[in-house]
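Geometric and topological summary
Next come the chains, spelled out residue by residue.
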Amino acid sequence: MSIVKMKKLRVIVLREQRDGLMRRLMREGCAEIREPAGMLSDPETAALLRPERAGLAQLRTEQSRLAAAIKILGQYAPEKKKLLSARPEIGESEFLDGEALARDLALADQINDWDGRVRRITAEEVRLQTEIESLRPWLPLEEPLEGAGTKTCAVALFSAIAEIAMESVADAAESATEAVQLILVSDDEKQHCFAVIALKTELPDVIAAVRAIGCTQVTFPGVTGTARENIDRCRAALAALAEEKQALTERITAQGGAAAALRLSADRMAAEVSRAEAIERLSGTDSVVALEGWCPAPEEEKLKAVLAEFDCAWELSDPAPEEYPEVPVTLKNSKVVTPMNLVTEMYSLPAYDGIDPNPLMWPFFVLFYGIMMADMGYGLLMMLASVIALKKMRPKGGTGYLLKLLGMCGISTFIFGALTGGFFGDLLPQAAKLIDPATTFTALPSAFTPLGDIMMIMIGSLALGVVQIFTGMIVSVVDKCRNGQALDALFNEGAWWCILIGIVLAVLHWGLWLLIVGGALLVIGKFWENKSVVGGLVGLFGAIYNGVTGYFSDILSYLRLMALMLAGNVIAMVFNQLGAMTGNVIVFVIVAMVGNALNFALNLLGCFVHDLRLQVLEFFGRFYKDGGKPYKPLNIDPQYVDIIKEEI
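Report on the accompanying structure. As the structure is a prediction and not an experimental result, all values here were calculated from the model.

Moving on to empty space enclosed by the protein. Counted by the stated rule, this structure contains 1 cavity of 30 Å³ or more. Empty space within the largest cavity amounts to approximately 40 Å³. Around the largest cavity sit Met-373, Ala-374, Asp-375, Tyr-378, Pro-450, Met-565, Gly-568 and Asn-569, which together line it. Of the residues forming the lining of the largest cavity, the biggest block, 3 residues, is contributed by helix H21 (residues 560-581). Split into classes, the residues belonging to the lining of the largest cavity amount to 5 nonpolar, 2 polar and 1 charged.

Structure, rendered in structure tokens:
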């Protein structure tokens with residue numbers, strides 16, 4: 001299998017059937033919808049067409065309201081979710097229930113309103129608490145805070161930090177006028193609070209003098225009455241707000257059971273948003289609507305059946321070579337190979353006229369992972385985790401790919417663990433020796449061991465590197481020949497095959513002639529490519545330098561297969577030996593299991609990263625043409641539920 005062939009779709013449909021057509025296309029998920037660029041490129045046609053509208057902004061607003069309500073319920077009435085639980089399954093007819101969506105939108109608005117009021121109450125509570133704290137130092141003052149005074153006298157309230165002595169304040173006030181009186185209202189380790197009484201005509205001078213030494217005038221705008229009266233008022237308001245807040249909280253919490261319905265409607269709304277986004281890519285007149293898009297060739301008959309239900313004119317055609325950069329890409333492989341989409345999509349999809357790397361990469365990726373991990377215990381854990389999670393969660397997309405890939409790599413890890421005799425390192429021999437010091441059980445049966453056969457493992461790692469690099473070169477040659485570039489393949493990959501194989505054979509005194517042939521092909525190729533002596537010499541020098549350093553450094557990079565195998569094995573053995581040194585079986589089990597858990601987690605990620613590097617840098621660089629745009633059909637793609645297809 002490979003990159004799926006695409007068909008270019010053009011449709012003109014009656015305006016009154018626009019929504020029906022888009023809904024059918026969304027249900028079938030057999031076409032990606034784009035704006036009719038081909039029609040818009042014609043000035044006369046473009047003048048007749050106008051962009052379509054489907055209320056996308058309103059739908060997105062409603063979508064955000066549903067999302068907000070779901071988040072609120074998660075805060076007020078969190079659900080207890082089962083570990084590795086699967087998404088609920090519902091029928092397609094239930095999913096497309098518009099009345100349920102309208103009902104849930106109304107509930108979401110109510111929940112959002114309640115929560116909005118709760119947040120406003122919280123803000124008001126903070127304000128009232130702040131007001132109480134500001135009034136608390138003035139509780140001993142029995143006079144009104146507005147400071148009305150008498151016919152001839154006025155009152156001003158001040159605060160000063162504790163470091164300012166009240167004697168200094170009194171001296172400053174008396175320096176302005178002798179007819180002044182200071183009354184200390186409250187005093188603590190942080191501040192003094194006091195009232196200043198003076199003649200109305202002289203109070204401004206007193207205020208200026210007191211401020212000059214660092215005191216701050218205190219005012220309570222809009223407040224009447226004493227501090228105690230105002231604190232009592234604030235506390236009464238707080239009690240009323242707390243009662244209202246409690247009632248609102250109980251109302252929101254009581255709706256906790258509606259969270260599942262709101263999530264379902266969030267998926268319904270996401271589908272409506274997707275449909276509206278597709279519609280607003282279209283253009284039309286008063287009577288018809290035009291669209292363009294792409295359809296996978298295997299879905300062609302399904303698309304034709306959908307279009308036959310409507311009064312429309314349509315055309316399906318193969319894309320022209322100049323359109324290849326715009327053609328969306330989707331990959332189709334066997335169930336075993338498909339999980340490799342995870343790796344390919346992390347890097348970049350292949351170009352439409354490129355090569356699907358997944359079938360070529362799959363055996364190397366799984367093999368290399370098993371070599372680097374190489375432990376039966378770790379392999380069993382990976383397989384069990386994969387099987388249990390896939391069965392319980394029924395994941396799709398990237399998560400499903402990851403779990404399936406984990407299981408396949410677990411099988412490879414178990415096999416190489418059996419070949420090297422590793423089961424959580426040397427856990428079993430160490431446990432046997434701890435239980436019975438006289439035991440003769442010192443190691444599991446193995447074909448080779450990481451520490452005892454380092455040279456063999458190193459040579460094997462390099463040999464596998466050569467095999468993968470040569471595989472990439474073969475794919476490149478086939479692709480170049482298919483595209484009419486046979487000479488380029490001969491002077492590039494062909495020359496380096498002769499050189500690399502000739503070097504190996506020359507060591508055995510057999511391949512000197514092959515080296516000469518490879519060198520001659522390289523020289524001819526560079527002079528043929530550059531069409532000049534100087535250009536040929538420069539190109540030859542660059543090719544030799546880059547080729548020698550490139551190929552040999554790439555091959556040496558496969559030594560990481562050996563390095564990670566050794567590292568994982570040694571770390572596991574060290575933890576097992578640390579546990580065994582205690583002489584206590586229980587302590588041994590604890591230390592060994594904790595150490596192996598850490599080693600397993602480290603290698604689980606490390607082996608994936610290094611395996612990914614070998615594929616992307618060493619393998620893809622030989623033949624891969626990236627830059628493909630992902631195929632994004634108009635379809636129903638729920639986040640919270642799985643849909644069971646029905647005949648509607």
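Per the counting criterion, the structure on display carries 15 aromatic pairs. On the basis of an interplanar angle of 75° and a centroid distance of 5.9 Å, the ring pair of Phe-365 and Phe-608 is categorised as edge-to-face. Taken together, the residues span a long stretch of sequence, with Phe-365 in helix H13 (residues 358-373) and Phe-608 in helix H22 (residues 585-623) at a distance of 243 residues. Residue classification places Phe-608 among the buried residues on the basis of a relative accessible area of 14%.

Our next topic: the packing of helix H16 (residues 427-435) against H21. In contact at an axis separation of 10 Å, H16 and H21 are set at 10° when each is read in the N-to-C sense. In this view, H16 runs roughly parallel relative to H21, as classed from their interaxial angle. Seen from H16, the contacting residues are Leu-427, Gln-430 and Leu-434; seen from H21, they are Asn-576, Gln-577 and Ala-580. Across the contact of H16 with H21, the residue classes break down as 3 nonpolar, 3 polar and no charged.

With that out of the way, let us pick up H16. Taken residue by residue, H16 has Leu-427, Pro-429, Gln-430, Ala-431, Ala-432 and Leu-434 as its buried positions. Contacts made by the buried residues of H16 are with H21 and H22.

Whether parallel or antiparallel, the strands of a sheet pair through hydrogen bonds between backbone atoms. Reading across from one edge, E6-E7-E5-E8 is the order of the 4 strands in this open sheet, with antiparallel pairing throughout. Either end of the sheet is taken by a strand with one partner, and the two such strands are strand E6 (180-187) and strand E8 (216-218). In this sheet, neighbouring strand axes are inclined to one another by 35° on average, regardless of whether the strands run parallel or antiparallel. Sheet analysis places strand E5 (residues 153-161) next to strand E7 (residues 191-199), joined by 9 bridges and oriented antiparallel. Residue pairing in the sheet places Cys-153 in a bridge with Leu-199 of E7. Across the sheet, helix H7 (residues 166-176) lies against E6 and E7, angled at about 155° from E6, the strand it touches most. The strands that helix H8 (residues 203-212) touches are E5, E6, E7 and E8; relative to E5, the one it contacts most, it runs at about 5°.

This next bit is on helix H14 (residues 376-393). The terminal C-alpha atoms of H14 lie 25 Å apart, and with 18 residues this matches the ideal 26 Å at 1.5 Å per residue to within 8%. Taken together, the buried positions of H14 are Met-376, Gly-377, Tyr-378, Gly-379, Met-382, Ser-386 and Ala-389. Buried positions along H14 lie against H13, helix H15 (397-420), H21 and H22. Between a side-chain oxygen at the N-terminus of H14 and the backbone nitrogen of Gly-377 the separation is 2.9 Å; the capping residue is Asp-375. The positive-phi residue at the C-terminal boundary of H14 is Arg-394, with phi of around 45°.

As a further point, take the packing of helix H17 (residues 454-482) against H21. At a minimum axis distance of 8 Å, the contact between H17 and H21 shows a crossing angle of 140°. When the axes of H17 and H21 are compared, the pair comes out oblique. For the pair formed by H17 and H21, the contact residues are Ile-454, Ile-457, Met-458, Ser-461 and Leu-464 on the first element and Leu-561, Met-562, Met-565 and Leu-566 on the second. The class makeup of the residues in the contact of H17 with H21 is 8 nonpolar, 1 polar and no charged.

This part covers the pairing of strand E1 (residues 6-14). Sheet topology note: the E1/strand E10 (residues 288-296) ladder contains 9 bridges and is antiparallel. Its bridge partner lying in E10, Lys-7 is registered against Cys-295.

Rules and cut-offs
- Residues numbered from 1 in each chain as written.
- Predicted model: local features only at pLDDT ≥ 70, side-chain atom pairs only at ≥ 80, totals over all residues.
- Heavy atoms only, no water.
- 1 Å grid on protein atoms, 1.4 Å probe; cavity = no way out; pocket = protein on both sides within 12 Å on 5 of 7 lines; lining within 4 Å.
- Points joined across faces, edges and corners; volume = space filled by probe spheres on them.
- Helix = DSSP H or I, 4+ residues; strand = E, 2+ residues; numbered from the N terminus.
- Nonpolar A, V, L, I, M, F, W, Y, C, P; charged D, E, K, R; others polar.
- Phe/Tyr/Trp six-rings, centres within 6.5 Å; stacked < 30°, edge-to-face > 60°.
- Buried < 20%, exposed > 50% of the residue type's maximum accessible area, 1.4 Å probe, protein only.
- Axes fitted to C-alpha atoms, helices over the stretch in contact; angles between N-to-C directions.
- Parallel < 35°, antiparallel > 145°, perpendicular 65-115°, else oblique.
- Contact = heavy atoms within 4.5 Å.
- Pairing = 2+ DSSP bridges.
- Expected span 1.5 Å × (residues − 1).
- Polar contact = N/O pair within 3.5 Å; in protein donor to acceptor, adjacent residues only side chain to side chain.

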